[in-house]
Amino acid sequence: MGFEPTFIVALVFAVLILVFVIKGLMIIQQSEAVVIERLGSYNKTLGPGVNWVIPFIDKPRSIKVRRYRTIGGQNVAMVTDELRIDRRETVLDFPGQSVVTADNVSVNVNGALYFQVIDPERAVYQTENLIQAIEILAKTSLRSEMGKMELDKLFESRQEINDKLQLVMDEAGNKWGVKVTRVEIQDIVIPAEVEDAMRKQMAAERERRALVLRASGEREAAIAKAEGEKRSSILVAEGSKEAAILMAEGQRKAIDEVLSAGDSRLDPQLMVGYLLGLEYLKTLPEIGREGDRIFLPFEASSVLGAVGSIEALLNPRKISG
């Protein structure tokens, strides 16, 4: 039994339609996009999900992607053409490059750049190689910013450099449909001789600070010691003053008591001589400790005589006997 020509034509037509439909179906993954050109000009951008294009008329436009791969211990740039544009945040870890600082020191800087494709159409049509354009702009901007700074300030200004680079990259990225999220300086490698000089400088600076702290401590200690000695001298003087006052008060009371005991028979001057004689007697043992020979002043005999007179006055019984 043979097939009728009409049936065969219908079957062929159905198969062609099925192939046409299948050929036109495109499934786009999440966080991806595809730029479609129709007859050589931009038509639309396909988002995540199931999409349909006209086969042989609508064609996806490829985008060049530049990546680095380690081959033989060296980073080698690899450029590929990809039809699907990754809209996730991507890190571009470009290799180290030589930068000359404001004080003519050559350093090697390794940086990383984080970016995200916001507008796939601009990313495809505004630049021939998006990744390469971003990398070269980041390198030139990095050289420009770091070349304005001296080496000592370079290590302290990483965040400042990162912020300035991000501003420059954002301005260019808006034209390319790219958002630069952040720029980071990973490592700064300086020459060995410069590093050794910086290490010696740091050691000298630490030694200087130690000497300053030690001198400051000694100065504070000397001031504290002087203040203590001053306070001690003041207290000793005040104590001697109070002791002298108390001694004078005691002697005055002793004289008053002796005079009151002797009524009017005692001469006040003779009483004072009596007390001085007692002081001589008290100091004699102390004087004898200093040497073998003791020299007494001439007035000592008169004082001892005054002591005898007072004794005679205070003991009338002895005189009368």
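Counting its secondary structure elements, the protein chain contains nine helices and twelve strands. Per-residue burial for the protein chain yields a buried fraction of 25% across its 321 residues. Restricting to contacts in the protein chain with at least 6 residues of sequence separation, those with at least 24 account for 59%. Of the roughly 21,900 Å² of accessible surface on the protein chain, a fraction of 57% belongs to carbon and sulfur atoms.

Attention shifts here to the environment of L39. Topologically, L39 is positioned in the loop between β2 (32-38) and β3 (41-46). Its relative accessible area of 72% is what places L39 among the exposed residues. For the pair L39 and F56, spaced 17 residues apart in the sequence, the C-alpha separation amounts to 9.0 Å.

A few words on a negative patch on the surface. A cluster of like negative charges, contributed by D103, E150, D152 and E156, occupies part of the molecular surface. Assignment of secondary structure puts E150 in the loop between α3 (130-146) and α4 (151-154).

A few words now on the packing of aromatic side chains. A complete count under the given rule lists two aromatic pairs for this structure. Ring geometry for Y42 against Y125: centres 6.0 Å apart, planes inclined by 85 degrees, an arrangement best described as edge-to-face. Here Y125 lies in helix α2 (residues 120-125) and Y42 lies in strand β3, a separation of 83 residues in the sequence. Here Y42 falls in the partly exposed class, since its relative accessible area comes to 32%. The class of Y125 is partly exposed, set by a relative accessible area of 32%. Against the face of Y114 rests R182, its NZ or CZ located 4.1 Å from the ring centre.

In this section: the confidence of the model for the protein chain. Put simply, the protein chain has an average pLDDT of 77, and 78% of its residues get 70 or more. The element-level mean pLDDT for the protein chain is lowest in helix α9 (residues 316-320), coming to 46, with β2 highest at 91. Confidence over residues 317-321 falls short of pLDDT 50; this stretch has two contacts with residues more than four positions distant or in other chains.

Position of T127 among the secondary structure elements: in the loop between α2 and α3. Taking relative accessible area as the criterion, T127 reaches 13% and is therefore assigned buried. Each residue touching T127, except ones within four places of it in the same chain, is listed here: R122, A133 and W176.

Right, let's get into the packing of α3 against helix α5 (residues 158-176). The N-to-C vectors of α3 and α5 enclose an angle of 145 degrees; their axes lie 10 Å apart at closest approach. Every pair of crossing elements has a handedness; the one defined by α3 and α5 is right-handed. Between α3 and α5, the contacting residues are L130, A133, I134, L137, A138, S141, L142, E145 and M146 on the first element and I161, K164, L165, V168, M169, A172 and W176 on the second. Residues that form the contact of α3 with α5 fall into these classes: 13 nonpolar, one polar and two charged.

Its identity is not glycine, yet S31 carries a phi of approximately 70 degrees, on the positive side. Within the element layout of this structure, S31 appears in the loop between β1 (25-28) and β2. Although it is not a glycine, N104 sits at a positive phi angle of roughly 60 degrees. Within the secondary structure, N104 is located in the loop between β10 (97-100) and β11 (106-117).

Right, let's get into the nonpolar core. Residues V107, L113, I134 and M146 are the most contacted members of the largest nonpolar core, which totals 38 residues. Those elements that place two or more of their residues in this core are β6 (63-71), β11, α2, α3, α4, α5 and β12 (178-189). Ranked by the residues each element gives to this core, the list is headed by α3, at eight residues. Setting aside chain neighbours within four positions, we find L113 in contact with T90, V91, L92, F94, I134, A138, M169, V180, R182 and V183.

The rules behind these values
- Residues numbered from 1 in each chain as written.
- Predicted model: local features only at pLDDT ≥ 70, side-chain atom pairs only at ≥ 80, totals over all residues.
- Heavy atoms only, no water.
- Helix = DSSP H or I, 4+ residues; strand = E, 2+ residues; numbered from the N terminus.
- Buried < 20%, exposed > 50% of the residue type's maximum accessible area, 1.4 Å probe, protein only.
- Contact = heavy atoms within 4.5 Å.
- Areas by Shrake-Rupley, 256 points an atom, 1.4 Å probe, with all protein chains shown as cover.
- Patch = residues over 30% accessible without salt bridge, like charges linked within 9 Å, V, L, I, M, F, W, Y side chains within 5 Å.
- Salt bridge = Lys/Arg side-chain N within 4 Å of Asp/Glu carboxyl O.
- Lys, Arg positive; Asp, Glu negative; His and termini not counted.
- Charge placed at Lys NZ, Arg CZ, Asp CG, Glu CD.
- Phe/Tyr/Trp six-rings, centres within 6.5 Å; stacked < 30°, edge-to-face > 60°.
- Lys NZ or Arg CZ within 6 Å of the ring centre and 35° of its normal.
- pLDDT = per-residue confidence, 0-100.
- Axes fitted to C-alpha atoms, helices over the stretch in contact; angles between N-to-C directions.
- Left-handed = near helix turned anticlockwise from the far one by under 90°.
- Nonpolar A, V, L, I, M, F, W, Y, C, P; charged D, E, K, R; others polar.
- Core = buried A, V, L, I, M, F, W, Y, C linked by side-chain atoms within 4.5 Å.

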